[in-house]
Amino acid sequence: RHGAKEHRVAHFFFDPVLYMEQLGPEAAKAAATEGPFHFYLRQIETGRHELRTTVCFDPHWYLSKYPAVAEAINAGTWRCAVHHYLTNETPAAFDPLPEFSESYYLARYPDIAAAVQQGKLRNGYQHFLLYGAAECRTPNPNFDMRYYADHEVVRSALRTGSARDPFTHYLAIGRAQGLPTIAPPEERVTESQAKTLFRRRAASLLPVFGQRPLDFTCTGFPSLTVVMVVHDRFALTLQALASLRNNYAGGLELLLIDSGSTDETRCTENYVKGAKLLRPGMNIGFLHGSNLGMLYASAEAVLLLNNDLELGPGAVNSALCRLMSDPAIGAVGGKVIRTHGVLQEAGCIVWRDGTTMGYMRDASPIAPEANFVRDVDFCSGVFLMLRRSVIQKIGGFDEAFAPAYYEDADLCLRITAAGWRVVYDPSIVIHHLEYGSARNALESEGAIGRNREIFARKHEATLRERPTKHNKALAFARFGGRLPVRVLFIEDLVPLRGLGSGFVRSNDILRTMAALGYHVTIFPVRDLDASPTAVFRDIPEAFEVMHDRALADLRPFLASRPGYYDVIWIARTHNLDRLCEILEDMLRSGQRRPRIILDTEAIASQRAAVRATLDGRGTSFDYQSALRQEFAHVHLCDQVLAVSDHEASTLRELGLSRISVVGHMRELVPTQRPFIERTGMLFVGAIHDLDSPNYDGLCWFIDEVMPLIEQSLGWETRLTIVGYIGEKVSLARFRGHPRVTLRGHVADTAPLYDEHRIFIAPTRFAAGTPYKVYEASSFGLPVVATELLRRQLGWESGVDLLAGESDDAARFAELVVRLYRDPGLWQHLRENAFQRLRSENSREHYVEAIQAVLGASPDACANRARTSQST
């Protein structure tokens, strides 16, 4: 009745805009009146020439590719090409356009092929359009979706939402622009080529070791024992040992077990000083060799290390720190990267049938799923750090698995069964020549098959508790031991502290959840143009940060993890509007229902009402209507959070129940410089756009207040502006001001709080509570703020801060001058603000508030979730 005329899109295969572009003037006029979809259906009924209705299906190519279909259309069996494609009885037999190969897709992704065979999907292309394109799955051998998505123009289109996914971007834009879909030959490196280069690099170092032998002499008691079993591969062994020596400078006991080598390895002592060499006189294999080495280990930390690898920066120290961080940790492993730059494993999984897999194999090493700390079933013996006391209690590798394979999985399961943890840490990076110490991969596969049967019989009881092998169980299976409570935390952006504007509060909430033992997946609605380095610096290490995803990816993401999350925490009310359809579909799906928590962060309608009054629109602004519209979808939520008691009261007046208050956390970090040694005014706050309250407040302060201050303070009038500045924001109007210094983002603001005398917060419209005031006060810098902010804080003017109305520039200037010149008042406000923060914003209060919101303890939920996913 309405949507067709409004050009709304109801099907992947009908884009009204694209269709209208192909019509002549008269037809376009008729289609606009009738609605493009109605017009299209009438044209098909009359047998008119078929026009393209979507970039995702090419009817002209289709008819030339399948001439029998063209004949059937002419005979009246089908209306048109798209009619045939969508309704024929062998849907997997036809490709929709040259860029997608049905046979290739189903062969590459057996899970999708199985779903098609079971009738859950019509064909592979249906899955690809719904989910696969957003997941960057490969549509044909010559289209590397991740490579294509990495073009700057594509990233920009995905960020702004002008393209749904990389595939549709290519069809609509990239193909015409000639954007490459696969790396040029000079950038492509096969694993075989990479392995050859790895070996050649090792061989190239041999002269160096002849001239400068490696020295592992340890004079004191070692902090670490390294056990390395070697059999030939002399150059690889020396390269691995050099990597170890360069990686860790501490006291290290090196035990080399020469397992029947026939090459120059027999002369290792000429090139490696200080190592203890054990030569059993025959090839006893990795398992027996490792057990022999562990018998001679002196240090409490024992590292089993392959001889076909290179270590990433600080890998050994990271493993030691992790192992010693908790006496309950019995074993530690890391991120293993194959020679051509893709993952071998990010921790390992044991399935119910006894098969194992390296989690995230073949994925990028910077994939979000591979970059958080967690307990796992096992880590491979490529790099496995163990407690000697644990090994002494439970024994080393089970000799039933000799010569190798499954011995590491067996050992780690025994460690877990004995009450210790096995931990995966992505900061431990290992570059590994897979199968580099085996004669060939076929030999390795044979040993794996034999030992799998032994492993399955031995751990039959444990395996019954493990998930059945399936892609949708991966999220559960990647954890070993007890499953933590899982929270999906949805925010505008990855909440980096430097972004300000409520993201600091979100970051504090996340850090508190981490301290309480919850596992969180952070999912941003919008793409943040920040490097993984910045992202992982600012987020708790045990949290999964989907830094490469955005809102368009959320539906397929949730579909890939059915029933996985215990809690969905939605930060900011406008994100509930964006997610309402996804949440409604999820709740109707019948999967285990998560608790849905809306964290309002601030009531936007209150900010809009004040802004309307400032703009002279106060009488025409319908506050109650705006409030009802803002919370139109709150019925989907189990609990609603307010940032202050004042805003909680507003929500209760709206008729909402189950309201909790989670404000800001700010611990004291007092700066020490006395009043007399400080100068100038400081402002710290983010400016994401020119409509932001911070930008408005600064304009008012600099234009109207500072000239009045200067009349009293003269040359002492100096304002420093610090904080994140959005890409589209220009502060050019302040740049030439003689009294203003623009600093932009500053990583460490403590020296600035120590240098300046007062902090100004001239915000004229806002909602929530002002973190900037809490932060300034925590550093001991007294604040002059607007009455609006004082009311939001619930603080008292003249006691905790000074406050003036934002429509009285003279009064605000008077307060600034008074505080600037009165050391007694300055000290009085400083001490009272400290007391406020101690009593209202301490870490202890924050932990209690978050725990009260999340309810059940992590252990209780973990037991319930493990039982659920196992079943």
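These figures come from a predicted structure and were not determined experimentally.

Reading the values: the criteria
Residues numbered from 1 in each chain as written. Predicted model: local features only at pLDDT ≥ 70, side-chain atom pairs only at ≥ 80, totals over all residues. Heavy atoms only, no water. Helix = DSSP H or I, 4+ residues; strand = E, 2+ residues; numbered from the N terminus. Rg over C-alpha atoms; globule rule 2.2 N^0.38 Å. Buried < 20%, exposed > 50% of the residue type's maximum accessible area, 1.4 Å probe, protein only. Contact = heavy atoms within 4.5 Å. Areas by Shrake-Rupley, 256 points an atom, 1.4 Å probe, with all protein chains shown as cover. Lys, Arg positive; Asp, Glu negative; His and termini not counted. Charge placed at Lys NZ, Arg CZ, Asp CG, Glu CD. Pairing = 2+ DSSP bridges. Phe/Tyr/Trp six-rings, centres within 6.5 Å; stacked < 30°, edge-to-face > 60°. Lys NZ or Arg CZ within 6 Å of the ring centre and 35° of its normal. Core = buried A, V, L, I, M, F, W, Y, C linked by side-chain atoms within 4.5 Å. Right-handed = clockwise from strand over helix to strand, strands pointing away. Salt bridge = Lys/Arg side-chain N within 4 Å of Asp/Glu carboxyl O. Axes fitted to C-alpha atoms, helices over the stretch in contact; angles between N-to-C directions. Polar contact = N/O pair within 3.5 Å; in protein donor to acceptor, adjacent residues only side chain to side chain. pLDDT = per-residue confidence, 0-100.

Caption draft 1: Highlighting the overall build of the chain. The secondary structure content of the chain amounts to 38 helices and 27 strands. What you see for the chain is a C-alpha radius of gyration of 32 Å, in line with the 29 Å of a compact globule of 871 residues. A total of 871 residues make up the chain; the buried ones form 55% of that total. Of the contacts made within the chain by residues no fewer than 6 positions apart, 74% connect residues no fewer than 24 positions apart. Element-wise, carbon and sulfur atoms account for 51% of the exposed surface of the chain, whose accessible area totals about 37,300 Å². For the chain, the centre of its 96 positive side-chain charges and the centre of its 102 negative side-chain charges are spaced 2 Å apart.

Caption draft 2: Structural view of the sheet that holds strand β18 (residues 567–571). Reading across from one edge, β17-β16-β15-β18-β19-β20-β21 is the order of the seven strands in this open sheet, with parallel pairing throughout. Of all strands in the sheet, those with a lone pairing partner are β17 (544–545) and β21 (659–661), marking the two edges. Sheet topology places strand β15 (residues 486–491) next to strand β16 (residues 519–524); six bridges connect them, and they run parallel. Residue Glu 491 lies in a different strand from β16, and its bridge partner there is Pro 524.

Caption draft 3: Broad picture of the packing of aromatic side chains. Inspection of the entire model under this criterion finds 43 aromatic pairs. Seen in terms of ring centroids, Tyr 753 and Phe 779 are 4.3 Å apart; in terms of plane orientation they differ by 10°. Their pairing is stacked. Taken together, the residues span a long stretch of sequence, with Tyr 753 in helix α32 (residues 750–755) and Phe 779 in the loop between α33 (771–778) and β26 (783–786) at a distance of 26 residues. On the basis of relative accessible area, Phe 779 is assigned to the buried category, the value being 8%. The ring of Phe 675 has Arg 757 lying over it, and the distance from NZ or CZ to the ring centre is 4.1 Å. Over the ring of Tyr 820 we find Arg 757; its NZ or CZ atom is 4.5 Å from the centre of that ring.

Caption draft 4: Expanded view of the nonpolar core. Met 360, Leu 386, Ile 415 and Phe 455 are the most contacted members of the largest nonpolar core, which totals 51 residues. For this core, the leading source of residues is helix α19 (residues 407–417), giving five residues. Not counting chain neighbours up to four residues away, the residues in contact with Leu 386 comprise Met 294, Glu 300, Ala 301, Val 302, Leu 304, Leu 323, Gly 330, Ala 331, Ile 391, Leu 411 and Ile 415. One finds Tyr 19, Tyr 85, Phe 100 and Tyr 105 within the second-largest nonpolar core, a separate group that totals 45 residues.

Caption draft 5: Representation of the pairing of strand β19 (residues 595–599). The buried fraction of β19 is high, at four of five residues. Both β18 and β19 contribute to a ladder of five bridges, which runs parallel. For Trp 569, the partnering residue across the bridge sits in β19 and is Ile 597. The β-α-β motif built from β18, the intervening helix α26 (residues 573–588) and the parallel element β19 has right-handed crossover chirality.

Caption draft 6: Representation of the pattern of salt bridges in the model. Applying the stated rule across the entire model yields 58 salt bridges. The residue Glu 99 makes a salt bridge to Arg 175 at a minimum N-O spacing of 2.7 Å. Taken together, the positions of Glu 99 in the loop between α6 (81–87) and α7 (102–108) and Arg 175 in helix α12 (residues 166–177) put the pair 76 residues apart, joining distant regions of the chain. Judged by relative accessible area, Glu 99 falls into the buried class, the value being 11%. Judged by relative accessible area, which is 32%, Arg 175 ranks as partly exposed. Of the charged contacts, one joins Arg 836 and Asp 800 as a salt bridge, the two residues approaching to 3.1 Å between their closest N and O atoms. Here the residue Arg 836 occupies a position in helix α36 (residues 823–840), and Asp 800 occupies one in the loop between α34 (787–793) and β27 (802–804), the gap between them amounting to 36 residues. There is no split in this pair, since Arg 836 and Asp 800 are both buried.

Caption draft 7: Just the sheet that holds strand β25 (residues 758–761), in detail. Strand order in the open sheet formed by six strands is β24-β23-β22-β25-β26-β27, with parallel pairing between adjacent strands. Bordering the open sheet on either side are β24 (740–744) and β27, each of which pairs with just one other strand. When strand polarity is set aside, the average angle formed by the axes of neighbouring strands in this sheet is 25°. Note: strand β22 (residues 681–684) against strand β23 (residues 719–722), four bridges, orientation parallel. Bridge assignment links Leu 682 to a residue of β23, and that residue is Thr 720.

Caption draft 8: Representation of α19 within the structure. With respect to burial, α19 is a largely interior element, nine of its eleven residues being buried. Positive phi appears at Gly 419, one or two residues downstream of α19, with a value of about 105°.

Caption draft 9: Just the side chain of Asp 599, in detail. Relative to the assigned elements, Asp 599 resides in strand β19. Judged by its relative accessible area of 0%, Asp 599 falls in the buried class. Engagement of the side chain of Asp 599 in a polar contact is seen with the side chain of Trp 569, the distance being 3.5 Å. Excluding its chain neighbours within four sequence positions, the residues that come into contact with Asp 599 are Arg 505, Ile 509, Trp 569, Ile 570, Ala 571, Arg 572, Thr 573 and Leu 641.

Caption draft 10: Expanded view of the pairing of strand β13 (residues 383–387). Burial analysis of β13 places five of its five residues in the buried class, which makes it a mostly covered element. Where burial is concerned, the two faces of β13 agree: the one with Phe 383, Met 385 and Arg 387 and the one with Leu 384 and Leu 386 are both buried. By the bridge criterion, five bridges tie strand β6 (residues 301–305) to β13 in an arrangement that is antiparallel. What sits directly across from Leu 305, in β13, is Phe 383. Sheet topology note: the strand β8 (residues 329–338)/β13 ladder contains two bridges and is antiparallel.

Caption draft 11: Structural context of the confidence of the model for the chain. On average, residues of the chain score 92 in pLDDT, and 97% of them reach the 70 mark or higher. Segment residues 860–871: pLDDT under 50, and 29 contacts once partners within four positions in sequence are set aside and those in other chains are kept.

Caption draft 12: Highlighting unusual backbone geometry. With an omega of 5°, the peptide bond between Ala 402 and Pro 403 qualifies as cis. Relative to the assigned elements, Pro 403 resides in the loop between α18 (388–394) and α19. Even without being glycine, Tyr 405 reaches a positive phi, approximately 85°. Residue position: Tyr 405 is located in the loop between α18 and α19. Tyr 405 sits in the partly exposed class, given a relative accessible area of 26%. Its identity as a non-glycine residue notwithstanding, Tyr 406 has a phi of 75°, on the positive side. One can find Tyr 406 in the loop between α18 and α19. For Tyr 406, a relative accessible area of 6% gives the class buried.

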